[in-house]
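Commentary on secondary and tertiary structure
Listed below, chain by chain, are the residues.
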Amino acid sequence: MSEASCDQILAGLVEGQAAANVSHSRAVWSHPAGRLAAPMFPTLTLEISPQIPAKLGRLPELANNLFFSWHRPTRALFEELSPALWGQVRGNPRQLLRCIDQEALDTAAADPGYCARYAEVLEVFDEYVNAPPPAGAPLVAYFCAEYGFNHGFPIYSGGLGILAGDHCKAASDERLNFVGIGLLYGQGYFTQVVDSDGVQHAEYKDHDPRDLPVEPVRNAEGTWLTVTVPIAGRQVVTRLWRAAIGRISVILLDTNCPENSPADRDITHRLYGGDDA
């Protein structure tokens, strides 16, 4: 199969994905191991995403606001959909909604009890997030290198991050005019793994933005906003992401931009790994 014909197949898939909600990636070309004389074959990866039933149409909104991290009834909505999968995704509702079986969603939408609990959570959520800060409240800008909101959002290492996350949650509860500023890490902090000999190893994993409770910050024209930061005599471009923490926002900067050098793109690759870049 030629590369052109492969692209034609992909084009056909794109045309049909609106109905089936199928995402795709470009084919990767490679020689089969040990058969260098053999023709190259494309490898095509397809991901089938479930459709959220109309009755539960605001589940993605609830998953994208870290209000769930301290509101147990909201977490329970997601856990109830699939307790086993909830454990596998470590309490990450965005990842759960991307990976869950369609049947589980349809069953929940047909369950009057689940729909009643869903409506109760939405009522509490709307009342909470729509309460404005007091008139004349001063703007508070809070800067921190790490924020610990939930273990499904791994951009923290320990106590400092948990403290910063709790400050943001308290600011939301107190209806402060508050915005947090931080960094969005491609891998975050390492996971400690101990092998059979008792030796500790640092394990890093890349994060998929689709599984994180963040959205790009865009202007009225839909352009992704960037900020240029002077670092050691260089102008480093950073993209802006927004995380919703109840009523307040945390703006996270990401240097993995094509305008930057490879070294500067790695600044936000790992938490506390900037010195290596």
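Along each chain, numbering runs from 1 in the same order as the chain's sequence is written. Local features in a predicted model are, by the rule used here, given only for residues with pLDDT of at least 70; side-chain atom pairs are given and counted only at 80 or more, and totals for whole chains, interfaces and linings are based on all residues. Where side-chain values are given, they derive from all heavy atoms of the structure, hydrogens and water being excluded.

Details of the overall build of the protein
The test is simple: Where helices and strands are cited, they refer to DSSP runs of H or I of at least four residues and of E of at least two residues respectively, numbered from the N terminus. Relative accessibility under 20% of the residue-type maximum defines a buried residue, over 50% an exposed one, and the middle range a partly exposed one, all with a 1.4 Å probe and only protein chains included. Here, residues are in contact when the closest pair of their heavy atoms is within 4.5 Å. Using the Shrake-Rupley algorithm and a 1.4 Å probe, accessible areas are obtained, with residue cover drawn only from the displayed protein chains.
Each helix and strand in the protein was counted, giving nine helices and 12 strands. Counting every position in the protein, which comprises 277 residues, the buried fraction comes to 36%. Sequence separation of 24 or more characterises 58% of the internal contacts of the protein that already satisfy a separation of 6 or more. For the protein, the computed accessible surface area is about 15400 Å², with 55% contributed by carbon and sulfur atoms.

Brief notes about the packing of aromatic side chains
Heads up, the condition is: Aromatic rings from Phe, Tyr and Trp, taking only the six-membered ring of Trp, are treated as a pair when their centres fall within 6.5 Å; an angle between ring planes under 30 degrees marks them as stacked, one over 60 as edge-to-face, and anything in between as tilted.
Applying the stated criterion across every chain, the model contains 10 aromatic pairs. Summarising the aromatic geometry, the rings of Y142 and Y147 are spaced 6.3 Å apart at their centres and angled 50° between planes, so their arrangement reads as tilted. Taken as a pair, Y142 and Y147 share a single burial class, namely buried. Measuring from ring centre to ring centre gives 4.9 Å for W224 and W241, while their planes differ by 85°; the resulting arrangement is edge-to-face.

A closer look at the pattern of salt bridges
Our working rule: By convention in these notes, a salt bridge is any Lys or Arg side-chain nitrogen within 4 Å of a carboxyl oxygen on Asp or Glu.
Evaluation of the coordinates by the stated rule reveals seven salt bridges. Note that R117 is salt-bridged to E80, the shortest N-O span being 2.5 Å. Of this pair, R117 sits in helix α7 (residues 112–129) while E80 sits in helix α3 (residues 72–81), placing them 37 residues apart in sequence. As a salt-bridge pair, R234 and D264 come within 2.6 Å of each other at their nearest N and O atoms. Linking R234 in strand β11 (residues 234–245) with D264 in helix α9 (residues 262–265), this pair joins segments that are 30 residues apart in sequence. Residue classification places R234 among the partly exposed residues on the basis of a relative accessible area of 35%. Through salt bridges with shared partners, a single ionic network connects R58, E61 and D126.

Comments concerning α7
What counts, and what does not: Expected span of a helix, by definition, is 1.5 Å for each gap between consecutive residues, and there is one gap fewer than residues. By definition, the arc is the one covered by directions from the helix axis to the C-beta atoms. By the criterion applied in these results, polar contacts are pairs of N or O atoms within 3.5 Å in which, for protein atoms, one can donate a hydrogen and the other can accept it, and in which residues neighboring in sequence qualify only through two side-chain atoms.
Here α7 is 18 residues long and its end C-alpha atoms lie 26 Å apart, about the 26 Å a rise of 1.5 Å per residue gives. Residues of α7 that are buried include every one of Y114, C115, Y118, V121, L122, F125 and Y128, and no others. Considered in projection along α7, the buried side chains sweep an arc of 145° and stay on one side of the axis. In α7, those exposed residues whose orientation departs by more than 90 degrees from the buried face are P112, E120, E123 and E127. Taken together, the buried residues of α7 touch α2 (59–63), α3, α6 (102–109) and α8 (159–173). The backbone nitrogen of G113 lies 2.9 Å from a side-chain oxygen of the residue at the head of α7, namely D111.

Remarks on the nonpolar core
Using the following cut-off: Nonpolar cores are built from buried Ala, Val, Leu, Ile, Met, Phe, Trp, Tyr and Cys residues. Side-chain atoms within 4.5 Å join them into one set.
Among the nonpolar cores identified, the biggest contains 25 residues, and L56, L59, L62, L81, L96 and L97 are the most heavily contacted of them. Those elements that place two or more of their residues in this core are α2, α3, α4 (83–88), α5 (93–99), α6 and α7. Considering every element that reaches this core, the biggest residue donor is α7, with seven residues. Among residues more than four places away in sequence, those in contact with L81 are L59, L96, L97, I100, A104, L105, A108 and Y114. Residues A164, A171, V214 and A243 belong to the second largest nonpolar core, which totals 23 residues.

Re the pairing of strand β10 (residues 226–231)
The condition that has to hold: Being paired, for any two strands, means DSSP has found at least two bridges between them.
As paired elements, β10 and β11 share six bridges and run antiparallel to each other. Looking at β11, one finds that I231 is bridged to R234. Counting the residues in the hairpin turn of β10 and β11 gives two residues, including A232, whose phi is positive at 50°.

Some points on the environment of R90
Position of R90 relative to the elements: it lies in the loop between α4 and α5. Each C-alpha atom of the pair R90 and H151 lies 7.0 Å from the other, and the pair is 61 residues apart in sequence. When neighbours within four sequence positions are excluded, R90 is seen to be in contact with H151 and G152.

Structural notes on the confidence of the model for the protein
What counts here: Think of pLDDT as the predictor's per-residue confidence, scored from 0 to 100.
Here the protein shows a mean pLDDT of 83. Residues at 70 or above account for 81%. Counted against residues more than four places away or in other chains, residues 1–38, with its pLDDT under 50, gives 57 contacts.

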